[in-house]
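Below are the chains, spelled out letter by letter.
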Protein chains: 2
Amino acid sequence: MASNTEDNIRFKALVKELSGKRVVVLGHRRPDGDCIGSQVALTRFLVVQGVHAEAFNSDPVPRKLQFLTRETSVFTPDALPKDWDAILCVDCSDVDRLGPDFKDKLTTAFASFDHHVSNTHFAKHNFVRTDAAATAEILADLFFDFGFEMDPVTAQALYVGLVTDTGQFQYGTTTAHVFQLAAKLVELGACPGDASEELYENTSFERMALIQSFLQSLSLEFDGKVCIGTLPQGVFESTQASGEDVEGLVEYTRSLAGVEIGILLEELPNGELKGSLRSKRKEYRVDRLAGIFGGGGHVCASGFRISGVIAEVYPRLIEALRDHLAFVQSTL
Amino acid sequence: MASNTEDNIRFKALVKELSGKRVVVLGHRRPDGDCIGSQVALTRFLVVQGVHAEAFNSDPVPRKLQFLTRETSVFTPDALPKDWDAILCVDCSDVDRLGPDFKDKLTTAFASFDHHVSNTHFAKHNFVRTDAAATAEILADLFFDFGFEMDPVTAQALYVGLVTDTGQFQYGTTTAHVFQLAAKLVELGACPGDASEELYENTSFERMALIQSFLQSLSLEFDGKVCIGTLPQGVFESTQASGEDVEGLVEYTRSLAGVEIGILLEELPNGELKGSLRSKRKEYRVDRLAGIFGGGGHVCASGFRISGVIAEVYPRLIEALRDHLAFVQSTL
């Protein structure tokens, strides 16, 4: 995949316009590796270009991603300055994803960098490439075309975006171009071994207990085509695990033989219920399934948030799945 | 890393010498992705060069690797022809690793392709590169230099060797060159999504139940420096899981934060007990720890087999660990 020339020209103009300005780089709440990696990388890139850039997120940086923010912090909302010249968003499909702390301030979004199909093009300048495996891929392409002399910390941040959003180079989004970028980033100082140790060999005992409880909850529906696992509030109390320990657990549901759609239902402390949906094949369109509950995302990875508890939402989900699977069947 | 010119010249001469000959391509027993991938790729390459090549392994191809052998079989020992002109070995550090069915026949090994540090250079022509992340990396380099017009099946076989032997591009062996090769292989038709689906998204419900039971058994010893998980025979009965489902479970013990040594104890159907040992750092020398129980292996990955049950071996293991950790401490 060649880098998009029009985007590259627009990006150069944008960087020029931001020179000397005060810029706030935002990401989505419950940030993942691609979000934090992209926030850190974009902030570091801008600083080198003479922009006064700082990154903020409505949620704290998850423990396993904190190795990325040692040199470039991602601040909490209370540290937000009173005024700024421009807001840039990464990995956010829409304004809601920024979280309530930032949502209202976003009428002035200057630029957005994102790869979600459901992106609403909410910013003045939108760098949205739905063919990209990660927002980090979009940024890496723009930075390389820009001629940016990338340092090892920025390379590692972008590498983490690639490795996490491709599920360790596992998803169908993993193109030859993704591997070419990974090779370039490693040449520039990214270290796959170090990243993996931080990301995947640093599991808390609480998370391990949470995984165990989650696996115990797995149930197969629709002749094994669908696997649903649940995390009621009580599990967080008994395991002492936190919300960030949930990340990636939905992959267990999808990894089962015969399963086409894997689902995780999580009761949040605020009384809401979060659904994470994954499919093996794009034909199973979990973005559409999430849409039934007011959510969205990618065709193979999506989510929703609604008010309610598992006992109430589970049967509604089964009903929605019945219709959805019939729809999918009609398209196969 | 540039491809090794001397090796490339030797390889071309070797291929020329084998033209029209009958060749047997062998791999190690209990074959993994790099072994089967390399056997399939080398066999397919040779056939295109006019060599009558066929692959054999002393053990059957594991279920999750069978997608690699749809077009190029890896046969069992009983199918071995009565005579051949040359034996080629892949991913085998020594003759013993071929298994008893082939070991005796190996006095005539013509060539060997391997990346293990412990390789004994047992063949006439040894293509051993201990800097390579996988035997598939060595073969890919040789094939590309040869000018081989690689087909998608061969590309996928080599890709599987890379992805499995790097632990999904996770280990310290994952260089920029590994990613460059992955990019090339994907360009030639390897499909990361398909490979992952077969390798990692094909988990049986029985295995998932086994993982759940195993996680429930985890216990931390020595102030969290050691994590031990157990699989008593009863667990295989209750979960309906088989021995093949145990593969990789020990990684959960090692992945915990603060843990230096992860251990899995498994009661085998024959009354023996199998111990699998993993460490994050080479200083923790689990090969030495395994040695106390008559086993061995690599400094970060080793194992042993003894007669006994968990209830009896666990306390002996704790005693051995006490001495071993004191020894490690004295070397740090």
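Residues numbered from 1 in each chain as written. Chains lettered and ligands numbered in written order. Predicted model: local features only at pLDDT ≥ 70, side-chain atom pairs only at ≥ 80, totals over all residues. Heavy atoms only, no water.

### Some words on the overall build of chain A
Along chain A, the regular secondary structure elements total 12 helices and 12 strands. The globule rule puts the C-alpha radius of gyration for 332 residues at 20 Å, and the 20 Å found for chain A is close to it. For the C-alpha atoms alone, the extent of chain A along its principal axes is close to 55 × 40 × 40 Å. Looking at chain A as a whole, 58% of its 332 residues are labelled buried. At a minimum sequence separation of 6, the contacts of chain A that also span at least 24 residues come to 66%. Carbon and sulfur atoms form 49% of the exposed surface of chain A, whose accessible area is close to 12900 Å². Separation between the mean location of the 31 positive side-chain charges and that of the 46 negative ones in chain A comes to 4 Å. (Helix = DSSP H or I, 4+ residues; strand = E, 2+ residues; numbered from the N terminus. Rg over C-alpha atoms; globule rule 2.2 N^0.38 Å. Buried < 20%, exposed > 50% of the residue type's maximum accessible area, 1.4 Å probe, protein only. Contact = heavy atoms within 4.5 Å. Areas by Shrake-Rupley, 256 points an atom, 1.4 Å probe, with all protein chains shown as cover. Lys, Arg positive; Asp, Glu negative; His and termini not counted. Charge placed at Lys NZ, Arg CZ, Asp CG, Glu CD.)

### Considerations on helix H5 (residues 152-165) of chain B
Residues and elements named next belong to chain B. Helix length check: H5 (14 residues) gives 20 Å between terminal C-alpha atoms against 20 Å at 1.5 Å per residue, within 8%. Along H5, 11 of the 14 residues are buried, which leaves the element largely enclosed by surrounding structure. Within the span of H5, buried status applies to Thr154, Ala155, Gln156, Ala157, Leu158, Tyr159, Val160, Gly161, Leu162, Val163 and Asp165. Sitting at the amino-terminal end of H5 is Asp151, which places a side-chain oxygen 3.1 Å from the backbone nitrogen of Val153. (Expected span 1.5 Å × (residues − 1). Polar contact = N/O pair within 3.5 Å; in protein donor to acceptor, adjacent residues only side chain to side chain.)

### Focus: the domain arrangement of chain A
The parts lose accessible area when they come together, and the size of an interface is often stated as this lost area. All names here are of chain A. Partitioning chain A into structural domains gives domain 1 (5-200) and domain 2 (205-331). For domain 1 versus domain 2, the separation of C-alpha centres amounts to 27 Å. Of the roughly 1000 Å² buried between domain 1 and domain 2 on both sides combined, carbon and sulfur atoms contribute 40%. Inspection of the region where domain 1 meets domain 2 yields 2 salt bridges. Measuring nitrogen to oxygen at the nearest pair gives 3.2 Å for the salt bridge that ties Glu266 to Arg30. At the junction of domain 1 and domain 2, the tally comes to 5 residue pairs in polar contact (both at pLDDT 80 or more). Here the side of domain 1 that touches domain 2 is built from residues that sort into 3 nonpolar, 3 polar and 5 charged. (Domains from an automatic or database assignment. Buried area = accessible area lost by both parts, 1.4 Å probe. Salt bridge = Lys/Arg side-chain N within 4 Å of Asp/Glu carboxyl O. Nonpolar A, V, L, I, M, F, W, Y, C, P; charged D, E, K, R; others polar.)

### Thoughts on the environment of Ser196(A)
Here Ser196(A) shows up in helix H7 (residues 192-200). On the accessibility criterion, Ser196(A) (4% relative accessible area) is buried. Spatially, the C-alpha atom of Ser196(A) lies 8.9 Å from that of Val160(A), the residues being 36 residues apart in sequence. Here Ser196(A) is in contact with Glu201(A), Phe169(B) and Gln170(B), once residues within four sequence places are set aside.

### A closer look at the packing of helix H2 (residues 33-48) of chain B against H5(B)
All names here are of chain B. Put simply, H2 and H5 touch, their axes get as near as 8 Å, and they point 155 degrees apart. Relative to H5, H2 is oriented roughly antiparallel. As for how H2 packs across H5, the hand of that crossing is left-handed. The segment H2 lies against H5, with Gly33, Asp34, Gly37, Val40, Ala41 and Arg44 engaging Val153, Thr154, Ala157, Leu158, Val160, Gly161, Thr164 and Asp165. (Axes fitted to C-alpha atoms, helices over the stretch in contact; angles between N-to-C directions. Parallel < 35°, antiparallel > 145°, perpendicular 65-115°, else oblique. Left-handed = near helix turned anticlockwise from the far one by under 90°.)

### Examining the interface of chain A and chain B
The partner chain B presents 39 residues to the 39 residues of chain A that form the contact. When chain A packs against chain B, close to 3400 Å² is buried across both sides, 62% of that on carbon and sulfur atoms. Broken down residue by residue, the surface that chain A buries against chain B is led by Gln170(A), Phe179(A) and Glu201(A), which jointly contribute 19%. Where chain A packs against chain B, one counts 2 salt bridges. A salt bridge links Arg254(A) to Glu201(B); the shortest N-O distance between them is 3.4 Å. Our enumeration of links across chain A and chain B arrives at 14 residue pairs in polar contact (both at pLDDT 80 or more). Every element with two or more residues in the side of chain A that touches chain B is listed here: helix H6 (176-187), H7, helix H8 (205-217) and helix H10 (250-254) of chain A. With 7 residues, H6(A) is the largest single contributor of residues to the side of chain A that touches chain B. Here the side of chain A that touches chain B is built from residues that sort into 19 nonpolar, 15 polar and 5 charged.

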